[in-house]
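# Analysis of the macromolecular model
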Amino acid sequence: MSKPHISIQNLNVSYEGHHVLKDITLDIPEKQITTIIGPSGCGKTTLLRSINRLIDLIDGVKVSGKVLVGKTNVFDNGIDVTDIRKKMGFIAQMPNPLPMSTYDNIAYGPRIHGIKERKRLDQIVEHCLQTASLWNEVKNRLTEPASKLSAGQQQRLCLARALAIEPEVLLCDEPTSALDPISAGHIEEQLLTLKKDYTIVFVTHVLRQAKRLADHVIFLYLGELVEQGPAETVFYQPSDPKTKAYVEGVFG
Amino acid sequence: MDKRKLEENFYKILMIGSTLIIVGSLVSILIVVLFKGALALSISMLTQTPKGGYYLGKEGGILNAIIGSLYLAGGATFIAFITSLPTALYLNEYAGRSKLAIFTRQSLDILWSVPSIIYGVFGFTIMVYLGLRASLLGGIIALALLELPIMVRVMDEVMKMVPLKLKEASYALGATKLETTLNVITRQALPGVLMAILLAVGRAVGDAASILFTAGYSDAIPGSLFDPAASLPLAVFFQLGTPFPEVQQRAYASGFILLVIVLSLSIASRLLTKRFMRYVIK
């Protein structure tokens, strides 16, 4: 395993008495794709959203433990949560363009982080759309509302938007589950290219997808970490009988 | 015909019937007002102030009331808007489920149903206390109070419907609460905000009771905020109260002008809303 980029230590999360994540300790390697797998309701999304503290938006959430990104614990008091989130691009399950034009969707992040110069913004928009291989499809309609794009294009727009804030990490919460197979394929291809520059954490409940993408795998079951390790080991020589049953398709 | 099909048709007819009653009422109001006021309608109605003594005048027009109403509604809407938008944003994005938020919403709902004469009397009492006489400013403040609960509560309901996924998208990019509120929530809720303004203006421009004591009446166009101001609803009220048929006819004409102003405001804001709908995420 290459050196860890994110290190989670004894993380516990509960919502209004419901214990969702139980004492999770694991490492996420740098510049690889780590997939979080497990049946629905096992805490995959909560784990992902703990990393950029999006779980803060939920009322009545309680967290203990540490999520270290580099040397910073994102849950430390006195940490500016916007700094944490700026380091992490987030792609949600359903495409969620903002109520503005395609151009402004991408420029939104850089603008709030202080880039005002039009020429610089133009460059960022073009570069990010190209990286998300959307540029050719939208270059002539940048001022049109982003909601006019197809679902597949919207999700690539969300990827481009995430890249525009120059993050170190990409957090993906089942980003292809609402897409047709061709659009899903586009996103997967881009992530495989992007992993040379970014640490990618990818939540999925589609085992075949995890097998296509993963370098490193985390298997959660009912809020507990069952197994983590390199993809080949977890998929083909799992040490825990529950992992073995899950990857063989006995349940889930 | 089987029972379910019969049922389907019965309720469909019921719905169409109700809709027709509503549309029909609007059309018949317009027809009656136009029919009764037609003889008094003329260009001079729109371009002149009353002549031949006070608002009972049989000559001249009601320009004083048209301008007065526009000033009153415009000023009140401006004041109500700049206080409503921050209040609605605060209730939705900052106050959460706090006691203050619950209390504020409850108060606004009560204020919404307070009869407008109460706002008028309240405004008048304050003005007497301060030694002010009936004036444009007094009317504007009374109408702003009348508009506030409508604006805040409509905006509030619209902002509640902004999907969480949009806020999440903004926060995930490292936006602060204020940035998310101003750039995302306000944009998404914009058509609804316009609707809130329209509803409030509609109530303000047609209200007579709240400005009866606060704005007063005058046959001149107000020259400053401290002059009394005429208004269309009061013009209708006073003209209709006279024993002279010619003046009563002018009341219908004034009513018709008021209706046309409200309708054009409504149509204009509908067109505007359509433009702003472009970027809204459905």
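The model shown is predicted, which means the values in this text are computed figures rather than measured ones.

Turning next to the overall build of chain A. Secondary structure assignment for chain A yields ten helices and ten strands. Against the compact-globule benchmark of 18 Å for 252 residues, chain A has a radius of gyration of 18 Å, which places it among compact chains. Based on the C-alpha atoms only, the size of chain A along its principal axes is roughly 55 × 45 × 35 Å. Classification of the 252 residues of chain A by burial places 48% in the buried group. Counted over contacts in chain A with a minimum sequence separation of 6, partners at least 24 positions apart contribute 69%.

What follows covers the overall build of chain B. Broken down by element type, chain B carries eleven helices and two strands. With the C-alpha coordinates of chain B rotated into their principal frame, the extents come out at 70 × 70 × 30 Å. Split into buried and exposed, the 282 residues of chain B put 40% on the buried side. In chain B, once contacts between residues fewer than 6 apart in sequence are set aside, the share between residues at least 24 apart is 75%.

What follows concerns the interface of chain A and chain B. Contact residues are listed per partner, giving 21 residues for chain A and 21 residues for chain B. Of all the secondary-structure elements, those providing two or more residues to the side of chain A that touches chain B are α2 (81-86) and α3 (102-112) of chain A. Partitioning the side of chain A that touches chain B into residue classes produces 13 nonpolar, six polar and two charged.

Right, let's get into the packing of helix α3 (residues 63-94) of chain B against helix α6 (residues 136-160) of chain B. Residue and element names in this part refer to chain B. Look at α3 against α6: their axes get within 6 Å of each other, and the N-to-C directions meet at 35°. Seen from above, α3 lies across α6 with right-handed handedness. Here the residues of the contact of α3 with α6 sort into 19 nonpolar, seven polar and three charged.

To continue, consider unusual backbone geometry. All names here are of chain A. For Ser133, which is not glycine, the phi dihedral falls at a positive 40°. Mapping Ser133 onto the fold places it in the loop between α4 (118-131) and α5 (135-138). Positive phi, normally seen in glycine, also occurs at Glu174, with a value near 45°. Mapped onto the fold, Glu174 is located in the loop between β7 (169-173) and α7 (181-194).

On to the confidence of the model for chain B, then. Confidence in the prediction for chain B averages 91 pLDDT; 98% of positions are at 70 or higher. The ipTM assigned to the predicted complex is 0.93, against a pTM of 0.87.

Residue and element names in this part refer to chain A. Across the two faces of strand β6 (residues 88-91) the burial is the same, with Met88 and Phe90 and Gly89 and Ile91 all buried. Bridging between β6 and β7 involves four bridges; their strand directions are parallel. Paired with Phe90 across the bridge in β7 is Leu171.

Let us look at the sheet that holds strand β1 (residues 4-15) of chain A. Sheets are built from strands that pair by backbone hydrogen bonding, the pairs being arranged parallel or antiparallel. All names here are of chain A. Taken in spatial order, the four strands make up an open sheet running β2-β1-β4-β5, and their pairing is antiparallel. Here the strands that pair on one side only, and so sit at the sheet edges, are β2 (18-29) and β5 (72-73). Two strands pair when backbone bridges link them, and strand β4 (residues 61-69) and β5 are joined in this way by two bridges, in the antiparallel orientation. Paired with Leu68 across the two strands is Asn73, which belongs to β5.

The next subject is helix α6 (residues 151-164) of chain A. Residue and element names in this part refer to chain A. Given a rise of 1.5 Å per residue, 14 residues ought to cover 20 Å, and the 20 Å separating the end C-alpha atoms of α6 matches this to within 8%. In terms of burial, α6 is largely enclosed, as 13 of its 14 residues are buried. Immediately beyond the C-terminal end of α6, within one or two residues, lies Glu166, with a positive phi of roughly 50°.

Conventions and cut-offs
Numbering of residues starts from 1 in each chain and follows the order in which that chain's sequence is written. Here every chain gets a letter starting at A, and every ligand a number starting at 1, in the order they are written. Reporting of local features is limited, given that this is a predicted model, to residues whose pLDDT is at least 70; pairs of side-chain atoms are given and counted only at 80 or more, and all residues count toward the totals for whole chains, interfaces and linings. A run of DSSP states H or I qualifies as a helix once it reaches four residues; a run of E qualifies as a strand once it reaches two. Both are numbered from the N-terminal end. Every radius of gyration here is taken over C-alpha atoms, with the globule rule written as 2.2 Å times N^0.38, N being the number of residues. The exposure label follows from counting other C-beta atoms within 10 Å of a residue's C-beta, where the C-beta atoms are placed from the backbone and the thresholds are 20 or more for buried and 12 or fewer for exposed, leaving partly exposed in between. The contact criterion used is a C-beta to C-beta distance within 7 Å, with each C-beta placed from the backbone. Three residue categories are used. Nonpolar comprises Ala, Val, Leu, Ile, Met, Phe, Trp, Tyr, Cys and Pro, charged comprises Asp, Glu, Lys and Arg, and polar comprises the others, including Gly. To obtain an axis, a line is fitted to C-alpha atoms, over the contacting stretch when the element is a helix, and the angle between two such axes runs from 0 to 180 degrees between their N-to-C directions. Working rule for handedness: look at the near helix, and if it is turned counterclockwise from the far one by less than a right angle, call the crossing left-handed; if clockwise, right-handed. On a range of 0 to 100, pLDDT expresses the predictor's confidence in each residue. By this definition, two strands are paired if DSSP reports at least two bridges between them. Given the number of residues in a helix, its expected span is that number minus one, multiplied by 1.5 Å.

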